[in-house]
Structure formats: structure tokens, C-alpha cells
There are 2 protein chains.
Amino acid sequence: MIDWNEQFAAATQNMRRNTVREFLKYAGRAGMISFGGGLPAAELFPMDEFQNASEAVLRKYGSRALQYGETEGVPELRENVAQRHGVGIENVLITSGAQQALDLLGRVLIDRGDVVAVENPTYLALLSSWRVHEPEFTAVEPEDIGGDKGALKRAELFYLVPNFQNPKGTTLTLETREKVAEFASTEEMAVIEDDPYGALRYEREALPSIFELAGKCGGPVVSVGTFSKILAPGLRVGWVIANKALIEKLVQAKQSADLHTSTLNQYLACELAMSGLLTTHVPKLCLEYGRRRAAMLAALEEFMPGEVTWSRPAGGMFLLVRMPEVISGAEVAREALEENVLVVPGDDFHIVGGRNTLRLNFSNCAPDSIRRGIQTLGKIVGRFLNEESKYRVSFSSV
Amino acid sequence: MIDWNEQFAAATQNMRRNTVREFLKYAGRAGMISFGGGLPAAELFPMDEFQNASEAVLRKYGSRALQYGETEGVPELRENVAQRHGVGIENVLITSGAQQALDLLGRVLIDRGDVVAVENPTYLALLSSWRVHEPEFTAVEPEDIGGDKGALKRAELFYLVPNFQNPKGTTLTLETREKVAEFASTEEMAVIEDDPYGALRYEREALPSIFELAGKCGGPVVSVGTFSKILAPGLRVGWVIANKALIEKLVQAKQSADLHTSTLNQYLACELAMSGLLTTHVPKLCLEYGRRRAAMLAALEEFMPGEVTWSRPAGGMFLLVRMPEVISGAEVAREALEENVLVVPGDDFHIVGGRNTLRLNFSNCAPDSIRRGIQTLGKIVGRFLNEESKYRVSFSSV
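Residues numbered from 1 in each chain as written. Chains lettered and ligands numbered in written order. Predicted model: local features only at pLDDT ≥ 70, side-chain atom pairs only at ≥ 80, totals over all residues. Heavy atoms only, no water.

With that settled, consider a nonpolar patch on the surface. Residues and elements named next belong to chain B. Together, Leu174, Leu207 and Leu213 line one region of the surface with nonpolar side chains, adding up to about 190 Å² of accessible area. Positionally, Leu174 belongs in helix 7 (residues 174-187). Judged by its relative accessible area of 33%, Leu174 falls in the partly exposed class. (Patch = residues over 30% accessible without salt bridge, like charges linked within 9 Å, V, L, I, M, F, W, Y side chains within 5 Å. Areas by Shrake-Rupley, 256 points an atom, 1.4 Å probe, with all protein chains shown as cover. Salt bridge = Lys/Arg side-chain N within 4 Å of Asp/Glu carboxyl O. Helix = DSSP H or I, 4+ residues; strand = E, 2+ residues; numbered from the N terminus. Buried < 20%, exposed > 50% of the residue type's maximum accessible area, 1.4 Å probe, protein only.)

And the structure:
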């Protein structure tokens, strides 16, 4: 009998199911209030528009919508993405969600031992995807780029999410963006700017991307985007915008990875984008998600013990809660699960520290559920703090 | 200015645009008779059924069809695939086409230097996908497995396409399948059985898969399949059936690669498969493709010079033409392109030899176009042979 565990390649040691995933499998449990996944609100999906667009795509494009397509993507969608970003069609590769864009970039850009700078914390599935190439991850705060550039000086690559970062919810200032653009240009460091949430802004004005500030496709910045958060993640349609030489390499990698992204879904995304739906749908999302964010911030204020802090995102879907050092996010999350509230520990998003953090998603629950969920969570954190202080007292009285 | 070419990882040296791809870009040229790609006949796509299924899926599954889904695949489709193959749902992973299944298997199973046995020639995009892991490919004829097992003894992995292989069109006999199953079980060698064309059989009876013969998920064989050839490739929905330990690893790899396959397309495939469409649609495909195969075989008989041979597939979409050693398939293909006939050189499908071969697809053209295309091709090959014999004459007369 073959023992499959004996067959696995060495690289699989760098693959692991992350803890977050273990929590997320409870998301569908009856009565669960989920602050867990990064799920858009399902009740806001434009179902009728999808019905109409499916019908239209099969009618307009006919069998082309079901046939094999070019690895680069269907020309109509590449053109649409290119126009919206002011680049040429040759600079656009359509990918199977932004996750595939990141995965292909890892395959094409990372050698073992390369120094890869990331914010700390950063997007968890970026870390898992790139870890198989065995880079040396280093934590860099984009704001500090004007000061000590030590870590960045060594970095071949800098990955960042400029708007409403996952899991922090933070947004880079214009000044920081300019500094990153300038540093990358001077040092010839490649920057991957991943912007899944940029359109979901609930206050203040949008800022220019680092990609624009650094000269678009002529510069050192690669731009990654997706329809997942503004249309529907089930489509799995994203894109990379980059210098033509890089696109060419990514196309080779993608050809091996999955030949091309679903033609049908590319035409669907294109049909919906061209119909002008986004100009009415995105503001609707912003209005509702903005309400949910407000509900969560208010509930945190009302129910969280004074020792706990959290970020105040201007958009996106997440915020990060930071508890006193002694409290474990994973333990709080496990306890919360017992009381039908799903949160994920922030630990795995960090390359240093983060044990005492929780990531909270606010896009997937109605405001009243958010309030109840945070009330429960506040009580649980309170209990942990009490336990802790009792322990401290009894310890000091010994 | 950053020079992107300087940024590429070493592994990208093993990525290349293959020659076939360079030819395929001409497939859409007006008036072109294409024997090039592996394209199903677009005019046979069940367009009305797709219209109805799209409508039904969005109505029945609602927002679930547009939301993020489990990496393993939507349970309904996994169950459907599991039932059709007599395995458990835990043995099924849904992938973004069979190409992704192969890519993930490469990531999870191949270490640099591993000996990987393949038929010669074999599926081109398998070679490109696995080449980045730097295995040592070795050519093995499955029929010879009873004799000298030298090469196979060293192999960790054996990839084969048992039915109507791409590019050869050949099918393994029951005896060969049994020998491979037994050898793999004894030697604990893993076998990847890729079967995209199995349902497209135009003569004789179907044979049991090596996967079945070797004890299904308890044995050393992994089964890879797809809806691309029996439904529509534009969906990009395929699957792997394997031992649970391997599925678990593949899930980890897939999570990094693209999170999951399009939920919408998985439900579409499921809806169409459960509607019983395949039981009426596949026989329709077989009838028409069988006609096209017959047309191509008859035309080859009629128009090809006597020195040329070809395979006679019992199903599938391809056959392989072998010309005298002195003739270059690439040169013939280039010349054919000038006369609006698209064929691909067989070279890149081989790990040894094959320079004098052409792969011909017969599923994508109507019988009368096939006859005209082969007539043109026959003339071109005839010219090459004449040139060659003149050269030989003049050379021998020197």
C-alpha cells in the first residue's frame, strides 16, 4: 500500500492549513454571528442584474462565452480594465481572482532567500502563497520609510495593501505613498500594490495609488485588483496591471496554472462593468457597509473593556482589535465560538507578534447583529481580563 | 528605471511560451481551417441548456452561487463527481479545469530531480507545468512495462492519458492497464491518470480505468477529469479524485493558488450534469466527432504521400501524423499557415524525438473543411518530400 504522506514534495512543508480556516468552517452554523471571513454581504449581490447579464452574455457572445480563450483574458474585459486604469491592453492580465494574481507574482518574482518586505500584520493568504518559495519575510511599516530604510534596503519586493488593509483596516497617507513610490524607483525595488477594497470608501477622499505615483507600467509598481468585493467573489475574476515584460512571464505561468480564467465569467464581469452597474452598485455597498462599520465602532466603544483598542478604518471590510499582551486572541476566539460569535485570531496575519489581536469583519452582518455580537465579545474579553487580574493578584500575594 | 527582466526568479527560466501557442494565435484568422487547438466544436455547445441552467442556478442557489465557497468545491458538485466515480466526497477536489489539477499535483508531489515517467509524446501543458519543479522526465511506453522496467523502477511518478491520448490518439489496452496498476501497487510508484477524453469514444467498448484496477482511492493512482470536453471548456471546471491525505495537501495548495473554483460555474456544471444532459449530449458529440474523425482518416488516406503514417484513434480529438525523419513538422506547419491550414508541430509534445510529427485536431472542423485542409496539407508534405528527394539526388550525384 502506498503511503501518500511519504510522497509529498519538500515544498509542501511550507503549506499548512491556517488557524483562520479552522475557525471559518463554523461560519455557516445556525445562529452564528460571523465577524470571521472577508465575505461581502450576500443580500446585496445584484441578483437581477446577474440574471440579465447571464442571459445577455450567452446571447451576445454565443459559443465564445463557453469556448477556450486566450490566457491573457478576453480582449473586451482587458480593454475595460485597461481603460479604467489608464494603461494599455498589453499591460493587463486577467486572473482567477486577485489570489491567483498574487500566486503567479510569487512564482515569477521570488527566489529562495529573497527578502520580501510586508506590513505587519498583512494579508494572510499572501503569506501562505509566497511561503512555498521560501523568501525571508521582513516587517516594514510603510510610514517609516523616510527614516530607517535598513530592512527595505535589503528587500527585493515590497507587498502592501494601501487602502483599508486586511486585517488592520488602515490606509496609507498620500505622503507615505509618495515616499514608497520614490524609494522603489530609486532602489529598483519591485512593489506589489494589492487593492481589493479601494472602491469601498466610507469617508474622506480617495488617494492616488502608488502605481500612479510611480509612473504606472513604466515604474516599479505592479497593481493587483479584483471584482470580488465590488461585484461578486464567486466569479473569481481579478487582474494584474504591469510592465509588458512582467505580463509576458505571468502569462507563461498562468498558462501552466489553469490555461485561462473562465471565459463565461470574464464576459459576465465585462457585461456588468460596461452596463454602468458599478456606478450605482458600489455607492449602495458603501452606504450599507459604512453603516455596519459605524455600528461596530459604536458597539466596541460601548462594550469593550478600557484596556482594549482597535483601528478605525475609513473603508473596506475589516478592523483589528488589540487586547492587553497577556490575552490570547485564539483563546478568545475559541470562547466566542461557544457563544455563537465568530472572530478570527490575528496571530497568523503577523510575521512578528499579534498573539493578542483579533480581526473583525463588519461587512457580513446587519447592524443589530453586530451590536449583539460585539456585546458578547466584550463580555468574553472582560472575563479574560478578570481572570488575568485575579491571577496577577494571587500571584503577587504569594 | 527598473528592468523587469532582471527581477525574474530562476524558476522562470523553465517557463517558456511553447511553439504550439505561437501557431494557435492564428486560429481565428478568416478562412483558416484549424486542426490546431484542442477546441471542442463550438456549434455543438448546448447553448439553450446553458441559458436555462444559468437562470435555474441563480434562482435555486441565489447568492450562494456568487459568494466565496469552500476550497474543496461546492458540496453538490463534489457529490455528483464522487457518485459517478464510486468514491467518497472526501476524495474529490474541484479544480479550475484539469490543467489546475495537474499543476497542483506537480506542486505537491515533485521535488527537484525526481524521476517522472511520461509517455513520449505526452500532453504538452503537463510538461510546461511540471518543468518548473525541475524533475528528470523519462520516456516510458506503458506497453513495455512487462519487459524492461529500468526507467520505471527509478520513477517516483508516472503520468499517462489512457484514452485517446493527446497528441497520439492512442488508447491503452486492458492488459497494459492491469500491468501498470500492478506495477504501481508493487513499486509504490504514484500514477496520475488524466482522462479528459474518455467519454468521447467512437468505436469499441470502454475499458476500466487504471484508477479502478488499482483499488481506487486506496491505491497508488490519482484520477484527473474535466467538464471541458463533454460540456464546455469556458467553465474551467475539473476535478481530482485521490486518497484523502493527498486531497488535503492539494486543498492547501489550491487555497494559495486561487482560493476556490468559481462557485457559479461549479453550480452550472452540477445543474447540467444532474439534469441528465450528459446522457443525451455526449452521444451527440460522439456521433459528430466520429464523422469528423472518419473524414480526416479518409482524407489522409486519399491525399498523404505514401511515406507518411498516422495514428487511428478510437475516440478523442487528435491524431498524430508521422513524416519521414528528414521532414520538419515545424516547417510544414509554417508553410501550411501560409495556405490557411493550421496544424501544430508535434515536437514540443516529445521529450525525445518527434521533430517529424504533426498533431491534428479533428473535432473543430466540419467534414468538408477537413477534406480540403488535408488535401492542402498533403500537397505541402508532398512538396517537402520532392525537395528532399531532389536534394538527396543532387547530393548523391555530387
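Residues and elements named next belong to chain A. Tallied over the entire structure, the rule returns eight aromatic pairs over all chains. Seen in terms of ring centroids, Tyr197 and Phe318 are 5.8 Å apart; in terms of plane orientation they differ by 85 degrees. Their pairing is edge-to-face. Linking Tyr197 in the loop between strand 6 (190-194) and helix 8 (210-213) with Phe318 in strand 10 (residues 318-322), this pair joins segments that are 121 residues apart in sequence. Judged by relative accessible area, which is 1%, Phe318 ranks as buried. (Phe/Tyr/Trp six-rings, centres within 6.5 Å; stacked < 30°, edge-to-face > 60°.)

Turning to the sheet that holds strand 4 (residues 136-139) of chain A, a few remarks are in order. All names here are of chain A. In spatial order, the strands read 2-8-7-6-5-3-4; together these seven strands make up an open sheet with mixed pairing. On the outer flanks of this sheet lie strand 2 (92-95) and strand 4, each paired with one strand and no other. The average undirected angle you get between the axes of adjacent strands in this sheet is 20 degrees. Of the pairings in the sheet, the one linking strand 6 to strand 7 (residues 221-226) comprises four bridges and is parallel in character. If you follow Ile192 over to strand 7, its bridge partner there is Val222. Helix 9 (residues 244-258) rests against strand 2, strand 7 and strand 8 (238-241) of the sheet, and its axis sits at about 25 degrees to strand 2. (Pairing = 2+ DSSP bridges. Axes fitted to C-alpha atoms, helices over the stretch in contact; angles between N-to-C directions. Contact = heavy atoms within 4.5 Å.)

What follows is about the side chain of B:Ser369. For B:Ser369, the location among the structural elements is in helix 13 (residues 367-397). Once you skip the residues sitting within four places of it in the chain, B:Ser369 turns out to touch B:Ile33 and B:Phe35.

Further remarks concern unusual backbone geometry. In this model, A:Asn166 is joined to A:Pro167 through a cis peptide bond whose omega is 15 degrees. The residue A:Pro167 is located in the loop between strand 5 (157-160) and helix 7 (174-187) in this model. Unlike most non-glycine residues, B:Lys216 shows phi in positive territory, near 50 degrees. Structurally, B:Lys216 is set in the loop between helix 8 (210-213) and strand 7 (221-226). A relative accessible area of 26% means that B:Lys216 is categorised as partly exposed. Although it is not a glycine, B:Arg236 sits at a positive phi angle of roughly 55 degrees.

Right, let's talk about the state of the cysteines for a bit. Residues and elements named next belong to chain B. One pass over the full model with this rule turns up zero disulfides over all chains. Here Cys217 is not cross-linked by a disulfide; its sulfur's nearest cysteine counterpart is in Cys270, at 19 Å. Free cysteine Cys365: the closest other cysteine sulfur is in Cys286, separated by 18 Å. Under the relative-accessibility criterion, Cys365 is labelled buried at 7%. (Disulfide = S-S within 2.5 Å.)

All names here are of chain B. Tracing the backbone shows Pro196 in the loop between strand 6 (190-194) and helix 8. Classification of Pro196 as buried rests on a relative accessible area of 11%. Taking the C-alpha atoms as reference points, Pro196 and Phe164, 32 residues apart in sequence, are found 9.1 Å from one another. Setting aside residues no more than four positions away along its own chain, Pro196 makes contact with Val161, Thr226 and Lys229.

Glancing now at the interface of chain B and chain A. Contacts between the two partners involve 83 residues from chain B and, on the opposite side, 83 residues from chain A. Together chain B and chain A conceal approximately 6,900 Å² of surface at their shared face, both sides included; 57% is due to carbon and sulfur atoms. The largest per-residue losses of area from chain B upon contact with chain A belong to B:Trp4, B:Leu66 and B:Tyr68, which jointly make up 11% of the total buried on that side. Taken together, the links from chain B to chain A amount to two salt bridges. Linking A:Asp103 and B:Arg107 is a salt bridge whose minimum nitrogen-to-oxygen distance equals 2.6 Å. At the boundary of chain B with chain A, the tally comes to 30 residue pairs in polar contact (both at pLDDT 80 or more). Among the elements of the structure, helix 2 (47-60), helix 4 (97-109), helix 5 (124-131), strand 7, helix 9 (244-258) and helix 10 (263-274) of chain B are those that each provide at least two residues to the side of chain B that touches chain A. Tallying contributions element by element places helix 9 of chain B first for the side of chain B that touches chain A, with eleven residues. For the side of chain B that touches chain A, the per-class residue count stands at 38 nonpolar, 29 polar and 16 charged. (Buried area = accessible area lost by both parts, 1.4 Å probe. Polar contact = N/O pair within 3.5 Å; in protein donor to acceptor, adjacent residues only side chain to side chain. Nonpolar A, V, L, I, M, F, W, Y, C, P; charged D, E, K, R; others polar.)

Residue and element names in this part refer to chain A. Spatially, 9-10-13-12 is the arrangement adopted by the four strands of the open sheet, whose pairing is antiparallel. What marks the edges here is a single partner per strand, and that holds for strand 9 (309-310) and strand 12 (344-345). Examined bridge by bridge, strand 12 and strand 13 (residues 357-361) share two bridges and lie antiparallel to one another. Pairing of Pro345 across the sheet is with Leu358, part of strand 13. Helix 11 (residues 277-303) rests against strand 9, strand 10 and strand 13 of the sheet, and its axis sits at about 15 degrees to strand 10. Against the sheet, helix 12 (residues 329-338) touches strand 12 and strand 13, its axis set at about 45 degrees to strand 13.

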